[in-house]
Amino acid sequence: MQKRFALKLIAACAIAVSATASFAQDVIKIANIVELSGGGASAGTNFKNGVELAVKEINATGGILGKKIQTTTNDTQSNPGVAKGLTQKAIDNDVFAIFGPVFSGSIMVSMAESRRAEVPNFTGGEAAGITEQGNPYVFRTSFTQAAAMPKVARYISDQAKLKTLAIIYVNNDFGKGGLDALKKALANSPTKIVAEISTDNGQVDFSAAVLKAKQSNADGVFAYSNEEESARILRELRKQGWSKPIIGETTLTGQKVIELAGDAANGAIAHVGLTVDAPQPAIRAFRAKFEKEYKYVSDHNGMKGYSGIYILKAAIEKTGKLDRKAVAATLHTLRVKAADQPGVLMDVSFDAKGDLDRESFMIEVKNGKQEVVSILPALNATAAPAAAAKK
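A short tour of the structure in this document, coming up. Owing to the predicted nature of the structure, the values given are computational and were not obtained by experimental measurement.

## Topic: the packing of helix 3 (residues 80-92) against helix 4 (residues 104-116)
Orientation of helix 3 relative to helix 4, taken along the N-to-C sense of each, is 25°, at an axis distance of 8 Å. If you check the angle between helix 3 and helix 4, you find them roughly parallel. Where helix 3 crosses over helix 4, the two elements pack in a sense that is right-handed. Listed contacts from helix 4 to Pro80, Ala83, Lys84, Thr87, Gln88 and Ile91 of helix 3 are Gly105, Ser106, Val109, Ser110, Glu113, Ser114 and Arg116. Residue classes in the contact of helix 3 with helix 4 are distributed as four nonpolar, six polar and three charged.

## Topic: the sheet that holds strand 3 (residues 97-99)
Across the sheet, which stays open at both edges, the five strands sit in the order 2-1-3-4-5 with parallel pairing between neighbours. Both outer strands of the open sheet, strand 2 (68-75) and strand 5 (138-140), are each paired with one neighbouring strand and no more. Going across the sheet, the axis of each strand differs from the next one's by a mean of 25°, ignoring polarity. Bridge count between strand 1 (residues 27-34) and strand 3: three bridges; the pairing is parallel.

## Notes on the pattern of salt bridges
In total, this model carries 16 salt bridges according to the counting rule given. With a closest N to O distance of 3.9 Å, lysine 325 and glutamate 118 form a salt bridge. Remark: glutamate 118 occurs in the loop between helix 4 and strand 4 (121-123) and lysine 325 occurs in helix 12 (residues 324-331); sequence separation between them is 207 residues. For lysine 325, a relative accessible area of 52% gives the class exposed. The partner of glutamate 317 in a salt bridge is lysine 313, and the shortest N-O contact between them spans 2.9 Å. Residue glutamate 317 and its partner lysine 313 are located together in helix 11 (residues 300-319), separated by four residues, close to a single helical turn. Relative accessible area serves as the criterion here: at 36%, glutamate 317 is assigned to the partly exposed category. Take lysine 313: its relative accessible area is 11%, and that puts it in the buried class.

## As for the packing of aromatic side chains
Under the counting rule described, the total for this entry stands at eleven aromatic pairs. Here phenylalanine 139 and phenylalanine 350 contribute two aromatic rings whose centre-to-centre distance is 6.3 Å and whose plane-to-plane angle is 80°, an arrangement assigned as edge-to-face. Placement of the pair is phenylalanine 139 in strand 5 and phenylalanine 350 in strand 12 (residues 348-350), with a sequence separation of 211 residues. For phenylalanine 350, a relative accessible area of 7% translates into the label buried.

## Considering the nonpolar core
Within soluble globular proteins, side chains that are nonpolar generally end up buried alongside one another. Counting 83 residues, the largest nonpolar core has Phe99, Leu234, Ile309 and Leu312 as the members making the most contacts within it. Residue contributions to this core peak at nine residues, all from helix 11. Residues contacting isoleucine 309, with those up to four places away along its chain left out, are Ile30, Val51, Ala54, Val55, Ile58, Ile69 and Phe99. One finds Ile167, Ala181, Tyr224 and Ile247 within the second-largest nonpolar core, a separate group that totals 21 residues.

## A short note on the environment of glycine 63
Tracing the sequence through the fold places glycine 63 in the loop between helix 2 (41-60) and strand 2. Overall, the relative accessible area of 10% leaves glycine 63 in the buried class. Separated by 44 residues in the primary sequence, glycine 63 and isoleucine 107 place their C-alpha atoms 27 Å from one another. Excluding residues that lie within four positions of it along the chain, glycine 63 makes contacts with Ile58, Lys68 and Lys313.

## Some points on the pairing of strand 15 (residues 369-376)
As judged from the seven bridges shared by strand 14 (residues 360-366) and strand 15, these two strands associate in the antiparallel manner. The partner of methionine 362 across the bridge, within strand 15, is serine 374. Hairpin connection from strand 14 to strand 15: two residues lie between these consecutive antiparallel strands, with asparagine 367 at a positive phi of about 55°.

## A look at the sheet that holds strand 13 (residues 356-357)
For sheets, the rule is that strands pair by backbone hydrogen bonds, running either parallel or antiparallel. Strand order across the open sheet formed by three strands is 11-12-13, with antiparallel pairing between neighbours. Across the chains shown, the open sheet's two edge strands, defined by having one partner strand only, are strand 11 (335-336) and strand 13. As judged from the two bridges shared by strand 11 and strand 12, these two strands associate in the antiparallel manner. Bridge pairing in strand 12 links arginine 335 to serine 349.

## Comments concerning the environment of glycine 254
One can find glycine 254 in the loop between strand 9 (246-248) and helix 9 (255-261). Sequence separation between glycine 254 and glutamine 133 is 121 residues; the distance between their C-alpha atoms is 29 Å. What glycine 254 contacts, discounting residues up to four positions off in sequence, is His300 and Gln370.

## With respect to helix 8 (residues 227-239)
Look at helix 8: 19 Å from first C-alpha to last across 13 residues, which is about the 18 Å you get at 1.5 Å a residue. By the burial criterion, the buried members of helix 8 are Glu227, Glu229, Ser230, Ala231, Ile233, Leu234, Glu236 and Leu237.

Thresholds, definitions, all that
- Residues numbered from 1 in each chain as written.
- Predicted model: local features only at pLDDT ≥ 70, side-chain atom pairs only at ≥ 80, totals over all residues.
- Heavy atoms only, no water.
- Axes fitted to C-alpha atoms, helices over the stretch in contact; angles between N-to-C directions.
- Helix = DSSP H or I, 4+ residues; strand = E, 2+ residues; numbered from the N terminus.
- Parallel < 35°, antiparallel > 145°, perpendicular 65-115°, else oblique.
- Left-handed = near helix turned anticlockwise from the far one by under 90°.
- Contact = heavy atoms within 4.5 Å.
- Nonpolar A, V, L, I, M, F, W, Y, C, P; charged D, E, K, R; others polar.
- Pairing = 2+ DSSP bridges.
- Salt bridge = Lys/Arg side-chain N within 4 Å of Asp/Glu carboxyl O.
- Buried < 20%, exposed > 50% of the residue type's maximum accessible area, 1.4 Å probe, protein only.
- Phe/Tyr/Trp six-rings, centres within 6.5 Å; stacked < 30°, edge-to-face > 60°.
- Core = buried A, V, L, I, M, F, W, Y, C linked by side-chain atoms within 4.5 Å.
- Expected span 1.5 Å × (residues − 1).

Set out below in structure tokens:
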């Protein structure tokens, strides 16, 4: 009896020692769980490439706390169920952190697994609900809709001075979250929403949606969908002769959208948290390195993956040890200056929910390129003071 008890005690101790000593290993394991096929392929591929570029740079300079980073990449197929299964597989492989998925619908499902295992999970998803559930292990590398939409609303009502607005949105977690956030932000403004036009994820034909926007006689349209669908919306708007303002958020004017939409993207205006065309030195350096490595220009998703790795690096170094729970706690109060850690691209801070704060930009597509027309300060201006745009 006593012998059996002693054996059980030894076994339990061995498991405990294995768990606590798991990060005494020679590498820091990071899982890339991203959309490499399906509707999110463009976003996921850019995110993955950004992550891998940052890892390559960090490993070349000695790693983090003297340990190299080792990454694995798996394709969610833009399917939330697949994303959840891959997250569980990564946890079983004892990873230190997970990057992705990028799509809001997928991270909303998969992050329950990383939370249960207490593994820091970085995402480029923007749906407000991602960080509204009290998950202490999920962190954004993008703005939440709750932070971005008030900036967009101020532009629509105060600068564009639109009296009426039609909204074309994708009917999923991302789209509905953005719609709700924008409606809330415009509630007490002079701008009245006269049409809410729902579209499907992966939709090809937007002729009916654009016709509804035209029939609403709105002064402008706010288009909020995934990248490929955004390009189709832009093409259909131009096809039907729309000449009024076209306004959106990051997904309306991404590099992939501009390539797919061609001349139809010219004139589109959007609020973006990140753009490779921003005047900051760290961002310009990132653009050059990414283009050299992958032979194309990164979009905002590449920047999210790249900066996310450097944010994790800063948190581990501040914590001083490879302890997932301690690093997650550090992230909730983290403030990093780009002058100290250029890989974060811009001064950044995190709040208790895992949402970040930093400068952002209003851009207009001109001659097939994003042009920054203004730099907007961080919501907490002391965390990342605004800078003047430089030409």
